[in-house]
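Observations on chain architecture
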Amino acid sequence: MIENIKAFLDSKVIQYNNPGFIKNDPVSIPHLFTKQHDIEIMGLWASVLAWGQRVTIINKCHELIKLMDGAPYDFIMNHEETDLKKLLNFKHRTFNDVDTLYFISFFRHHYSNHKSLESAFIPNETPITPFVILSDSEGSSKSDVNANAEPIEKYLNHFRSYFISLVDFPTRTKKHISSPSQKSTCKRLNMFLRWMVRKDDCGVDFGIWNHIKPSELIIPCDLHVDRVARKLNLITHKQTDWQTAVELTERLREFDPVDPVKYDFALFALGIEEKF
């Protein structure tokens, strides 16, 4: 049975992991750019805004890009205070102008000190002690990590701590960056990491980061992936949370230990395209 499921999913990966997948998916947004900084910025932003209908998500990202004069990195690093006024009307569901301005502030701070956004996920490359560390409603120190945790768990927990560590951090923006410490599946951030980290010749994912390994990635476990995986008996955990994403990834590593998250193409497309 397991061999049959693997063969079935492998066939679906081949079917969907190709440039035809890009057009109707939020990954189309970073594909609008060729410079790494722009790819990283709009990759993260597109993933953070990725809830609701895909058409709406993509349209809102195009709107955001237009507000930044079509050049996200250049706008973020070189804007004047008056340039930010046109961003005050940007909104997508619960993401509003306050969140938008803080994201710009965060990107500007990070790229003033680092060459790539990948370092924002690596604890030993982005110390958070120089900044103001706010109290966390989850009740634990932001620097605490589980020594036995998945590498990505440590990276995601660190990224959230780092992201909300700037002095002008607005509390409301915290909800847009999830972490395993909150027991979230971290679907959006795991999707962003898939885009940046996975390396193949299929043209969908970028593979521009090298510190984080494809074998370490965790499956972006959204509603479609969760439902299909449960129908295939790949998940036993009752709740849909971080442990669910880890359990599913561990099962997928049995199929491909080097690149388990390639099966995101199969599980997601089976759910949203084929209504499996």
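Here the residue index of a chain counts from 1 through its sequence in written order. In keeping with the model being predicted, local features are shown solely for residues with a pLDDT of at least 70 and side-chain atom pairs are shown and tallied solely at 80 or more, while totals for entire chains, interfaces and linings include all residues. In computing side-chain values, all of the structure's heavy atoms are included and hydrogens and water are not.

Things to note about the overall build of the protein chain
When you go through the protein chain residue by residue, the secondary structure sums to ten helices and zero strands. The secondary structure listing takes helices from DSSP runs of H or I that are at least 4 residues long and strands from runs of E that are at least 2 residues long, numbered from the N terminus. Counting from the amino terminus, helix and strand elements in the protein chain follow one another as α-α-α-α-α-α-α-α-α-α. For 276 residues, the compact-globule formula gives about 19 Å, and the C-alpha radius of gyration of the protein chain, at 18 Å, lands near that figure. Overall size of the protein chain, expressed as C-alpha extent along the three principal axes, is 60 × 40 × 30 Å. Whether a residue is buried, partly exposed or exposed follows from its accessible area with a 1.4 Å probe, protein chains only, as a fraction of its type maximum: under 20%, in between, or over 50%, in that order. Residues classed as buried in the protein chain amount to 56% of the 276 residues present. We call two residues in contact when some of their heavy atoms are within 4.5 Å. Contacts in the protein chain between residues at least 24 apart in sequence constitute 69% of all its contacts with a sequence separation of at least 6. Charge assignment in this entry is limited to Lys and Arg as positive and Asp and Glu as negative, and neither His nor the chain termini are counted. Note that the charge is assigned to NZ on lysines, CZ on arginines, CG on aspartates and CD on glutamates. Separation between the mean location of the 34 positive side-chain charges and that of the 36 negative ones in the protein chain comes to 5 Å. Radius of gyration: C-alpha atoms only; globule rule: 2.2 Å multiplied by the number of residues to the exponent 0.38.

Details of the state of the cysteines
Simply put, the disulfide is a covalent bond whose two ends are the sulfur atoms of two cysteines. A pair of sulfur atoms, both from cysteines and within 2.5 Å, is called a disulfide here. Scanning the model with the defined rule gives zero disulfides in all. The thiol of Cys61 is unpaired, and the distance to the nearest cysteine sulfur, on Cys186, comes to 19 Å. Judged by relative accessible area, Cys61 falls into the buried class, the value being 0%. Here Cys186 is not disulfide-linked; the sulfur of Cys221 is the nearest cysteine sulfur, at 11 Å.

Considerations on helix H6 (residues 151-163)
The span one expects for a helix is its residue count, reduced by one, times 1.5 Å. Taking 1.5 Å per residue, 13 residues should reach 18 Å; H6 reaches 18 Å between its end C-alpha atoms and fits that length. Those residues of H6 lying buried are Ile152, Glu153, Tyr155, Leu156, Asn157, His158, Phe159, Arg160, Ser161, Tyr162 and Phe163. Considering only its buried residues, H6 is in contact with helix H2 (36-48), helix H5 (97-111), helix H7 (187-197) and helix H9 (242-255).

Brief notes about the side chain of Ser116
You can see Ser116 is positioned in the loop between H5 and H6. In the analysis that follows, any N or O atom pair within 3.5 Å is treated as a polar contact, provided that within protein one partner can donate a hydrogen and the other can accept it, and provided that, for residues neighboring in sequence, both atoms belong to side chains. Only 2.7 Å separates the side chain of Ser116 from the side chain of Glu40, close enough to count as a polar contact. Filtering out sequence-adjacent residues up to four positions away, Ser116 remains in contact with Gln36, Glu40, His110, Tyr111 and Trp209.

Brief notes about helix H3 (residues 54-67)
Taking 1.5 Å per residue, 14 residues should reach 20 Å; H3 reaches 20 Å between its end C-alpha atoms and fits that length. Residues of H3 that are buried: Arg54, Ile57, Ile58, Lys60, Cys61, Leu64, Ile65 and Leu67. Each element contacted by the buried residues of H3 is listed here: H2, helix H4 (72-78), H5 and helix H10 (263-272). Backbone geometry just after H3 places Asp69 at a positive phi near 60°.

Things to note about the packing of aromatic side chains
Only the six-membered ring of Trp is used, alongside the rings of Phe and Tyr, when aromatic pairs are assigned; centres must lie within 6.5 Å, and planes under 30 degrees apart are stacked while those over 60 apart are edge-to-face, with the rest tilted. Per the stated rule, a full pass over the model turns up 23 aromatic pairs. Measuring from centroid to centroid gives 5.4 Å for Phe192 and Trp209, while their planes differ by 85°, and the two rings are edge-to-face. Pair noted here: Phe192 is in helix H7 and Trp209 is in the loop between H7 and helix H8 (223-231), with a separation of 17 residues, a long-range link. Taking relative accessible area as the criterion, Phe192 reaches 0% and is therefore assigned buried. Sitting above the plane of the Phe265 ring, Arg194 keeps its charged end 4.3 Å from the centroid. Think of it as a cone above the ring: NZ of Lys or CZ of Arg counts as a charge over the ring if it is within 6 Å of the ring centre and within 35 degrees of the ring normal.

Details of the pattern of salt bridges
A pairing counts as a salt bridge when a side-chain nitrogen of Lys or Arg comes within 4 Å of a carboxyl oxygen of Asp or Glu. Within this structure, the stated rule accounts for 16 salt bridges. The residue Arg194 makes a salt bridge to Asp205 at a minimum N-O spacing of 2.9 Å. Taken as a pair, Arg194 in helix H7 and Asp205 in the loop between H7 and H8 lie far apart in primary sequence, eleven residues in all. Each of the two residues, Arg194 as well as Asp205, counts as buried. The salt bridge partner of Arg194 is Asp264, with a shortest N-O separation of 2.6 Å. One end of the pair, Arg194, is in helix H7; the other, Asp264, is in helix H10, with 70 residues separating them in the sequence. The same class applies to Arg194 as to Asp264, namely buried. The structure contains a network of salt bridges with shared partners spanning Arg194, Arg198, Asp200, Asp205, Asp259 and Asp264.

Purely geometric numbers; function is a separate question.
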